[in-house]
Amino acid sequence: MNPESIVNKLRARSRRRRILAIVGIFAGLPCCLFAPLLLGSLFWFSHGQLFGFIHWNYFFLGATVVCLPLLFSLEIRTKGGYLDGVMSDPGPELPGGADVARRLMVFGMLPTVAAGAAVEPRRSVAGVVELFLFGPRLIVNGIRHLRQTRKLPPTNLKLAAKIVTLLCERESGIPIELLKSRKVEPAEVDNAIFWLVFYGWIGISKDWQKIFIYSESRAALGV
């Protein structure tokens, strides 16, 4: 493998990840309006049926002020794992929910949905909340990536390319200590390894003693 071509591919992935993060932030902005649009419209219609219709903008703005801080807080707290968390731990059932569910299921599809909400209210709305989190997730992930790239230490990409070449030449991983020599500062090797791990080129063992290259990285390098 040509070391220069490897360096170019390393740089290309870092640029591509940066562009995707920026695009995700801008794309997430309009997607954040899913929840205010839907919930604001539902409250507007309900208010109109009960008390008479007023301007829709009031409900939309109110839903925006309430929903967006809650959604961003939920996304930051769950780190993209909201749906998995709900599926693994749906929470307690409503008292008497099972009895209500059995009675409603005989009346058709909509009552069946209501029955599911009665039995497991948290899990029944998880899909809708996950849709609402799509926009905030794009923005949070994009900002998080850009912040993390600013904290990356200065990296010698030529050294990183040499590490990748050595890993591609072996089927098994390489102990990190073998990569350190008198000609190269240990901190420089650590920075290169950290950079490669951050961008998903290589993995590191649980004891932080050994590194290995992913099969996807071999394919991306044409090995």
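Only a predicted model underlies this, so the values are computations on that prediction, with no experimental measurement involved. (Residues numbered from 1 in each chain as written. Predicted model: local features only at pLDDT ≥ 70, side-chain atom pairs only at ≥ 80, totals over all residues. Heavy atoms only, no water.)

K.L.:
Would you mind showing me how to read the packing of helix 10 (residues 157-168) against helix 12 (residues 186-198) here?
P.N.:
Describing two packed helices takes the angle between their axes plus the distance from one axis to the other. Two elements in contact, helix 10 and helix 12, have axes separated by 9 Å at closest approach and are oriented at 70°. As judged from the angle between their axes, helix 10 and helix 12 are roughly perpendicular. Note on element contacts: helix 12 touches helix 10 through Glu188, Val189, Ala192, Ile193, Trp195 and Leu196, opposite Leu157, Leu159, Ala160, Ile163 and Val164. Looking at the contact of helix 10 with helix 12 residue by residue, the classes come out as 10 nonpolar, no polar and 1 charged. (Axes fitted to C-alpha atoms, helices over the stretch in contact; angles between N-to-C directions. Helix = DSSP H or I, 4+ residues; strand = E, 2+ residues; numbered from the N terminus. Parallel < 35°, antiparallel > 145°, perpendicular 65-115°, else oblique. Contact = heavy atoms within 4.5 Å. Nonpolar A, V, L, I, M, F, W, Y, C, P; charged D, E, K, R; others polar.)

K.L.:
Hey, could you run me through a positive patch on the surface in this one?
P.N.:
Judged by side-chain charge, Arg11, Arg15, Lys158, Lys162 and Lys183 come together as a positively charged surface patch. Where the positive patch is concerned, the elements lending two or more residues are helix 1 (3-31) and helix 10. Relative to the assigned elements, Arg15 resides in helix 1. (Patch = residues over 30% accessible without salt bridge, like charges linked within 9 Å, V, L, I, M, F, W, Y side chains within 5 Å. Areas by Shrake-Rupley, 256 points an atom, 1.4 Å probe, with all protein chains shown as cover. Salt bridge = Lys/Arg side-chain N within 4 Å of Asp/Glu carboxyl O. Lys, Arg positive; Asp, Glu negative; His and termini not counted. Charge placed at Lys NZ, Arg CZ, Asp CG, Glu CD.)

K.L.:
I'm lost on unusual backbone geometry in this one. Help?
P.N.:
The general pattern is negative phi for most residues beyond glycine and trans for most peptide bonds. Even without being a glycine, Lys79 presents a positive backbone phi close to 55°. Tracing the chain through its elements places Lys79 in the loop between helix 3 (56-78) and helix 4 (82-88). The exposure class assigned to Lys79 is exposed, which follows from its relative accessible area of 66%. Of note in this structure, Trp208 is not a glycine but carries a positive phi near 60°. For Trp208, the location among the structural elements is in the loop between strand 2 (202-204) and strand 3 (210-213). (Buried < 20%, exposed > 50% of the residue type's maximum accessible area, 1.4 Å probe, protein only.)

K.L.:
Looking at this structure, I do not really get the pattern of salt bridges. What am I missing?
P.N.:
Oppositely charged side chains can pair when the atoms bearing their charge come close. Taken as a whole and judged by the stated rule, the model has 3 salt bridges. Taking the shortest distance from any N to any O, the salt bridge between Glu75 and Arg137 comes out at 3.1 Å. With Glu75 in helix 3 and Arg137 in helix 9 (residues 134-151), this pair connects stretches of sequence that are 62 residues apart. Note on Arg137: relative accessible area 17%, which makes it buried. The residue Asp190 makes a salt bridge to Lys180 at a minimum N-O spacing of 3.2 Å. Here Asp190 is found in helix 12, whereas its partner Lys180 is found in the loop between helix 11 (176-179) and helix 12, with 10 residues between them in sequence. For Asp190, a relative accessible area of 35% puts it in the partly exposed group.

K.L.:
Looking at this structure, how should I read the sheet that holds strand 1 (residues 174-175)?
P.N.:
Within a sheet, adjacent strands bond to each other through the backbone by hydrogen bonds, running parallel or antiparallel. Read from one edge to the other, the open sheet built from 3 strands follows the order 1-3-2, with strand pairing classed as antiparallel. Since the sheet does not close on itself, it has two edges, and those belong to strand 1 and strand 2, each with one partner. As defined by bridge partners, strand 2 adjoins strand 3 across 3 bridges and the pair is classed as antiparallel. Looking at strand 3, one finds that Ile204 is bridged to Ile211. Its contacts with the sheet place helix 10 against strand 1, strand 2 and strand 3, and it is angled at close to 80° to strand 3. (Pairing = 2+ DSSP bridges.)

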